[in-house]
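Report on the structure
Single-letter residue listing:
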Amino acid sequence: RLTRMGRAGAAMPVAAAEARTERNRIFLTRGAGLEEWYLNGEVGLEQGFTVSKRPAGSGPLVLEMALSGTLRARLMEGGLGVTFHDLEGQARATYRDLWVADARGNTLPSRLIVAGDTLTIEVQDAGAIYPLTVDPTLMGITNKVLAKDGSASDYFGTAVSLDGTTAIIASPYDDDRGSSSGSVYVFNRSGVRWLQQ
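Note that the coordinates shown come from a computational prediction; the quantities given were computed from them, not determined experimentally.

Let's talk about the sheet that holds strand E11 (residues 110-115)
Spatially, E2-E1-E7-E12-E11 is the arrangement adopted by the five strands of the open sheet, whose pairing is antiparallel. The open sheet is flanked by strand E2 (12-13) and E11, the only strands paired with a single partner.

Points about the sheet that holds strand E10 (residues 91-101)
Backbone-to-backbone hydrogen bonds pair the strands of a sheet. The strands run either parallel or antiparallel. Spatially, E3-E4-E5-E6-E13-E10-E9-E8 is the arrangement adopted by the eight strands of the open sheet, whose pairing is antiparallel. Lying at the two open borders of the sheet, with one neighbouring strand each, are strand E3 (18-22) and strand E8 (72-75). Averaged over neighbouring strand pairs, the angle between their axes works out to 20° when direction is ignored. In the sheet, strand E4 (residues 25-29) pairs with strand E5 (residues 34-40) via five bridges, with the strands oriented antiparallel. What sits directly across from Arg25, in E5, is Leu39.

Considering the nonpolar core
In this structure, Leu34, Phe49, Leu63, Tyr95 and Ile121 are the most contacted members of the largest nonpolar core, which totals 24 residues. For this core, the secondary structure elements donating two or more residues are strand E1 (2-7), strand E6 (45-51), strand E7 (61-66), strand E9 (81-85), E10, strand E12 (118-123) and strand E13 (132-140). Among the elements that line this core, the one with the most residues is E10, at four residues. If we ignore the near neighbours within four places in the chain, the residues touching Leu63 are Leu2, Arg4, Met5, Leu34, Phe49, Leu119, Thr120, Ile121 and Val134. One finds Ala147, Ala167, Ile169 and Phe187 within the second-largest nonpolar core, a separate group that totals five residues.

Concerning the packing of aromatic side chains
Scanning all chains against the criterion turns up three aromatic pairs. With a centroid separation of 5.2 Å and 70° between ring planes, the pair formed by Tyr155 and Tyr173 is classed as edge-to-face. With Tyr155 in the loop between E13 and strand E14 (160-163) and Tyr173 in the loop between strand E15 (166-171) and strand E16 (183-190), the pair connects residues that are 18 residues apart, well separated along the chain. Taking the relative accessible area as the measure of exposure, Tyr155 reaches 52% and is therefore exposed. Between Phe156 and Tyr185, the ring centres sit 5.6 Å apart and the planes meet at 75°, which makes this aromatic pair edge-to-face. Separated by 29 residues along the polypeptide, Phe156 in the loop between E13 and E14 and Tyr185 in strand E16 bring together distant segments of the chain. Taking relative accessible area as the criterion, Phe156 reaches 25% and is therefore assigned partly exposed. Three or more aromatic residues joined by ring pairs form one cluster here, namely Phe156, Tyr185 and Phe187. The ring of Phe27 has Arg20 lying over it, and the distance from NZ or CZ to the ring centre is 4.1 Å.

Considering the side chain of Asp174
With respect to the helices and strands, the residue Asp174 is situated in the loop between E15 and E16. In contact with Asp174, not counting residues within four places along its chain, are Asp149, Asp154, Ser180, Ser181, Gly182, Ser183 and Tyr185.

Overview of the pattern of salt bridges
On inspection of all chains with the given rule, the structure shows 10 salt bridges. Here Glu64 and Arg4 are joined by a salt bridge, their closest N and O atoms 3.3 Å apart. Within this pair, whereas Glu64 is found in strand E7, its partner Arg4 is found in strand E1, the two being separated by 60 residues in sequence. Take Arg4: its relative accessible area is 31%, and that puts it in the partly exposed class. Between Arg54 and Asp125 there is a salt bridge, with the nearest N and O atoms lying 3.6 Å from each other. Taken together, the positions of Arg54 in the loop between E6 and E7 and Asp125 in the loop between E12 and E13 put the pair 71 residues apart, joining distant regions of the chain. Residue Arg54 is classed as partly exposed on the basis of its relative accessible area of 41%. Since its relative accessible area comes to 3%, Asp125 is described here as buried. Beyond isolated ion pairs, a larger network of salt bridges with shared partners links Arg7, Arg54 and Asp125.

Rules and cut-offs
Residues numbered from 1 in each chain as written. Predicted model: local features only at pLDDT ≥ 70, side-chain atom pairs only at ≥ 80, totals over all residues. Heavy atoms only, no water. Pairing = 2+ DSSP bridges. Helix = DSSP H or I, 4+ residues; strand = E, 2+ residues; numbered from the N terminus. Axes fitted to C-alpha atoms, helices over the stretch in contact; angles between N-to-C directions. Core = buried A, V, L, I, M, F, W, Y, C linked by side-chain atoms within 4.5 Å. Buried < 20%, exposed > 50% of the residue type's maximum accessible area, 1.4 Å probe, protein only. Contact = heavy atoms within 4.5 Å. Phe/Tyr/Trp six-rings, centres within 6.5 Å; stacked < 30°, edge-to-face > 60°. Lys NZ or Arg CZ within 6 Å of the ring centre and 35° of its normal. Salt bridge = Lys/Arg side-chain N within 4 Å of Asp/Glu carboxyl O.

Written as structure tokens, this is what we have:
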């Protein structure tokens, strides 16, 4: 949740949002030359910001967001992304592909910072022409269930049956017992992981 914007060390609380929708976008106008937007796209949910006016002061521009819930944020190497992990340590989502450009289309140096329950986008905006577009993407991570000995022509997953924490998955063209003899795989769920039995 966006909470503050401004200069590093001197960011100010953002105003309450006025919402409007346009096709697959939601816009949250926050005053002071700041608009937050969400775009539901093919690669994930883009949370973007349009900063129309240069904030007063010196130092990098920062957008600070409060993190809540049970997932824990871990900064990826170089500040290029953040992974969100559940209580068992399994990665469930990423916040990455941060791209910032000014009105001329020049890409600006930027990074993500995680400190406690705050995620900060930091932008080096010296010399930039406003408005700025700040555009990271939130992507869910899905867990694939694969047969340990599977191959492309086995047709693993042609039929699936679930019962509680047990999954039975058909692979009709698996060749372990002869040409297209087929196999059935049993997986048990342990937390968020499916383990082949």
